[in-house]
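Chain and residue survey
Chain by chain, the residues:
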Amino acid sequence: MDENVKELLKDKNEQVVQFNFENNTSSPVAITLFDTASLTTIPTSGSLTTSYSASNDLFPSLPPSLFAQNSNNGTFIAPQITSSVLRIVNTTTNTSENNFDNTDGFDNIVSSIVLQTDGKILIGGQFTTYKGVSANRIIRLNSDGTKDSTFDNSIGFNASVFAIAIQSDGKILVGGLFTTYKGVTNNYIIRLNSDGSKDLTFDNSIGFNNQVTEISIQSDGKILVGGDFTTYKGVSANQIIRLNSDGTKDLTFDNSIGFNGSVGTIVIQSDGKILVGGGFTTYKGVTNNFIIRLNSDGTKDLTFDNSIGFNSTLNQISIQSDGKILVVGFFTTYKGVTENRIIRLNSDGTKDLTFDNSIGFNGTTTAISIQSDGKILVGGSFTTYKSVSANRIIRLNSDGSKDLTFDNSIAFNGVLLTITIQPDGEILVGGSFTTYRLYTNNRIIRLNSVGNSASLLNLNGVLKTIIYDSNNNVFYGTTNTSLYVISSDGQFVQNIVALSVVMTSIIYNPNNNNLYCLSTNIVEVYECVTFTLVTTISLGGSNFSQVLSEVTPSNEIYYFDDISNLLQKIDCLTNTPVVINLSLPNVPTSNGLPYYNGYLYVLSNSSNVIDIVDTNTDTYFNSITIPAIYTFNPYISAINPITNQLFITDSNLSRQFAIIDLPSNTFVSVNTLSGVGGTYGIVYNSITDSMYISGSLFSVVTFTATPFFISGSANYNTFVNNLNFEPIFVDEIRVLTQNLTQLNNQVQFTKIDSSGNQIFFAEFPINKIDIEQNNNIAELKFDGLVFDGRTYINQYVINANQVVSFEIYYKQLDRFSATPTFPIFFKPKVQLKEYIKKELNL
């Protein structure tokens, strides 16, 4: 039988394998001829492409984007135009600069942030949701800010989490005000396994009688716990206790009598001694005002001089690598001398005079963290340090002076409660705040080493337009109600200007340092220093205008009146409209007005012809036609000034771009885009001499395959190349239709170099929601083969609720492949010979 199979493969160069496709929808389904190797549809009747439907597809359209280029440092802002989120992309390295997605964030206070060794982030607090999804007082995030679905926090805690500590074995100790976890009694403390389940080897039966605010783990695994409690398992334990690793009380630690007030911070020195701070004034009945150092057995360390001590509560203690001790809190004196809410002590408890904290803070300090370079991050409710503005966060040099390289301008609108420094130097901050530098960041944010947001820049509105101003080195972006002035690195908002109407196009004029903002039939002009409104230009009548051209050398801006189908312009010297009433032969409305060397190129997404206007005479000059065979309608454009080429994307969602040679005004070619769907943005990057085109994908492949695209209409299989170059044979393939809540959304970018070659680079995730809604899933079944190479499928229209037989032509093992994209459920693979035996009844 094996010989028969070999003979079959040898003698029959091409095979026809038949399989069935079941259309279980209520509408016809179209399958078009598709070449998965070249990412183009195959001509069936003279057309080189087939339009891709964005609606009712098996994989709905993903969020599109537009962007603006800062050519000075190879950075552009890549926003998602369906939301207020901005992404910063380094176009030199083709990587995302800000990759911590805290959009929406928490609905209440974050009080504890702890990093795992794998980079995942444990967060506790008073919150009950994260990004609108239930998260009761604890959650674990992936390093990019998305929820870690492997950590089960379903139900969670019934009250606040204040303290989280991770053991060396990965188990997680949690303390707080809670009395239940997942509906089961756990009084104020619990130990969880790494997956979020309760660790049953830790005996917390009965637990504490009041809240736990601090947990610190010794090197030997024993656990120091502090808080407002007075008993543990019914036995006296006044505000401090040490537990063995199994949760039993450590009898070698003497906490008899204990403290008379709350313990808020416990730090273990390298020599095993224990620094304790909080709201207490006595320990074991002896005066110790708000700070004390204990020996490892719980007795007072007499070598630490805390005579007199502080006049109010300590919030946090942190030990430097040299053994010096930084303290923050509510206090205003230490040993009777003014020390406003921060001090550094020598290891013996005396004040360190090399640390200048004169004047100090004007409000409470609640969090402190020391960087590896010795600089000190401090957070709290304060607004000044040494009488200089410092809104709830500041970085100090090791001598106590303000670090001027850390930008805390504007900063937070609420209290900081926790600061955690990552190994890469980026800074996680949590608290009660809802904004940072004027834009929304709900109770958590990640900052880079200079204080800029390492999170997604989240504006308060859906972004409509965005451009870069190289003169003032800023980005301008508009939403429905506001003009945002954004820093040149795209990481913080410098100014927000209220707009009277929704703007559809903005252009910067370097000649008068004014910004021109178009909305239907008016243009608002803003001066770009104070951002005051200079004038409003009425375009007259009921003009519906979508775009403005860039400013010409004669200081004019063109726009297209879509109501009267006429080209008009604005004189920027007088800021008045100029009526030229130029009618164009081929362009009924305009969505693009690129300018080059005295000529205006008028694009329309309803015509494959580009009309050219001579701006010296304001007359029609010529036209460029993109051949009809490409079914190409011009959409978004940009000019490469090095090669003098105009790059134009297609409004048909057919993943194409055209190249026009500008000196000769001739059509060059239409090229296929492999990484982008419907395009919404295109910019030229002078650093890499490349075009960057952004758009949306219609499908995301999570199997062992590269992204391929849907051709045709609703509810059918798509075809992808298999990357492992090993033939896969299956008896039955099941494809499940998807809805938006189950998509792993991405925006992807393709780079086009100056020769017209394209380079696909990494995607930038937007969101991932792992919610299964089985009652919304439709199941499609068919029999099939999977090969490597390319697949040809005849064009069919399948009527509703019918099964149609398809033929796949394949040649040996190396030419064709077909498999639907995600999710896919395969029956066990069978060998080629077994499959052929089955099909041919051998």
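Please read these numbers as outputs of a predicted model, since none were measured by experiment. (Residues numbered from 1 in each chain as written. Predicted model: local features only at pLDDT ≥ 70, side-chain atom pairs only at ≥ 80, totals over all residues. Heavy atoms only, no water.)

Applying the stated criterion across every chain yields a total of 20 aromatic pairs. Ring centres of Phe208 and Phe229 lie 4.2 Å apart, and the angle between their planes is 40°; this geometry places the pair in the tilted category. Taken together, the residues span a long stretch of sequence, with Phe208 in the loop between β19 (189–192) and β20 (212–217) and Phe229 in the loop between β21 (223–227) and β22 (231–232) at a distance of 21 residues. Residue class for Phe208 comes out buried when judged on its relative accessible area of 3%. Of the aromatic side chains, those joined through ring pairs into one cluster are Phe106, Phe127 and Tyr130. (Phe/Tyr/Trp six-rings, centres within 6.5 Å; stacked < 30°, edge-to-face > 60°. Helix = DSSP H or I, 4+ residues; strand = E, 2+ residues; numbered from the N terminus. Buried < 20%, exposed > 50% of the residue type's maximum accessible area, 1.4 Å probe, protein only.)

All right, on to a nonpolar patch on the surface then. Taken together, the side chains of Ile410, Leu438 and Ile496 define a hydrophobic patch exposed on the protein surface, amounting to about 210 Å² of accessible area. Within the fold, Leu438 resides in the loop between β42 (435–436) and β43 (439–440). Under the relative-accessibility criterion, Leu438 is labelled partly exposed at 37%. (Patch = residues over 30% accessible without salt bridge, like charges linked within 9 Å, V, L, I, M, F, W, Y side chains within 5 Å. Areas by Shrake-Rupley, 256 points an atom, 1.4 Å probe, with all protein chains shown as cover. Salt bridge = Lys/Arg side-chain N within 4 Å of Asp/Glu carboxyl O.)

Of note, the phi angle at Lys284 is positive, near 55°, even though the residue is not glycine. Within the secondary structure, Lys284 is located in the loop between β27 (282–283) and β28 (286–287).

Let us look at the sheet that holds strand β63 (residues 656–661). By definition, the strands of a sheet pair up through backbone hydrogen bonds, in either a parallel or an antiparallel sense. Taking strand neighbours across the sheet as the criterion, the four strands line up as β61-β62-β63-β64 in an open arrangement whose pairing is antiparallel. Of all strands in the sheet, those with a lone pairing partner are β61 (634–640) and β64 (666–672), marking the two edges. For this sheet the average axis-to-axis angle between neighbouring strands, irrespective of direction, equals 25°. For strand β62 (residues 645–650) and β63, the ladder comprises five bridges, and the chain directions are antiparallel. Residue pairing in the sheet places Gln645 in a bridge with Asp661 of β63. (Pairing = 2+ DSSP bridges. Axes fitted to C-alpha atoms, helices over the stretch in contact; angles between N-to-C directions.)

What follows deals with the pairing of strand β15 (residues 161–166). The side chains of a regular strand alternate, residue by residue, between the two faces of the sheet. As paired strands, β15 and strand β16 (residues 172–176) are joined by five bridges and run antiparallel to one another. Across the sheet, residue Ala165 finds its bridge partner in β16, namely Leu173. From the end of β15 to the start of β16, which pair antiparallel, there are five residues, and Gly170 there has a positive phi angle of about 90°.

Another point: the pairing of strand β11 (residues 121–125). Across the five residues that make up β11, a large majority, five, are buried. Sheet topology note: the strand β10 (residues 110–115)/β11 ladder contains five bridges and is antiparallel. Bridge pairing in β11 places Ser112 opposite Gly124. The hairpin turn running from β10 into β11, its antiparallel successor, is five residues long, and Gly119 in that turn takes a positive phi close to 90°. Strand direction decides the pairing type here: β11 and strand β14 (residues 138–141), joined by four bridges, are antiparallel. Directly across from Gly124, in β14, lies its bridge partner Ile138.

The next subject is the confidence of the model for the protein chain. Looking at the protein chain, the pLDDT average stands at 77 and 71% of residues meet or exceed 70. Low pLDDT (under 50) marks residues 803–842, which in the prediction has 147 contacts with non-local residues, meaning those over four places away or in another chain. (pLDDT = per-residue confidence, 0-100. Contact = heavy atoms within 4.5 Å.)

What follows deals with the layout of surface pockets. Looking at the largest pocket, its volume works out to about 1900 Å³. What lines the largest pocket is a set of 46 residues, among which Ile466, Ile467, Ile507, Ser637 and Ile682 lie closest to the centre. Broken down by secondary-structure element, the contributors of at least two residues to the lining of the largest pocket are β5 (68–70), β46 (465–469), β50 (505–509), β57 (595–596), β61 and β65 (679–685). If you add up the space inside the second largest pocket, you get close to 1400 Å³. Lining the second largest pocket are 43 residues, with Glu214, Gly264, Thr265, Gln316 and Thr418 positioned closest to its centre. If you list the elements that add at least two residues to the lining of the second largest pocket, you get β10, β15, β20, β25 (263–268), β30 (314–319), β35 (365–370) and β40 (416–421). Considered class by class, the residues forming the lining of the second largest pocket number 22 nonpolar, 19 polar and two charged. (1 Å grid on protein atoms, 1.4 Å probe; cavity = no way out; pocket = protein on both sides within 12 Å on 5 of 7 lines; lining within 4 Å. Points joined across faces, edges and corners; volume = space filled by probe spheres on them. Nonpolar A, V, L, I, M, F, W, Y, C, P; charged D, E, K, R; others polar.)

Attention shifts here to the side chain of Asn204. By the secondary structure assignment, Asn204 is in the loop between β19 and β20. Polar contacts involving the side chain of Asn204 include one to the main-chain carbonyl oxygen of Ile189, which spans 2.7 Å. Once residues within four sequence positions are removed from consideration, Asn204 is found in contact with Asn186, Ile189, Ile190, Lys198, Tyr232 and Lys233. (Polar contact = N/O pair within 3.5 Å; in protein donor to acceptor, adjacent residues only side chain to side chain.)

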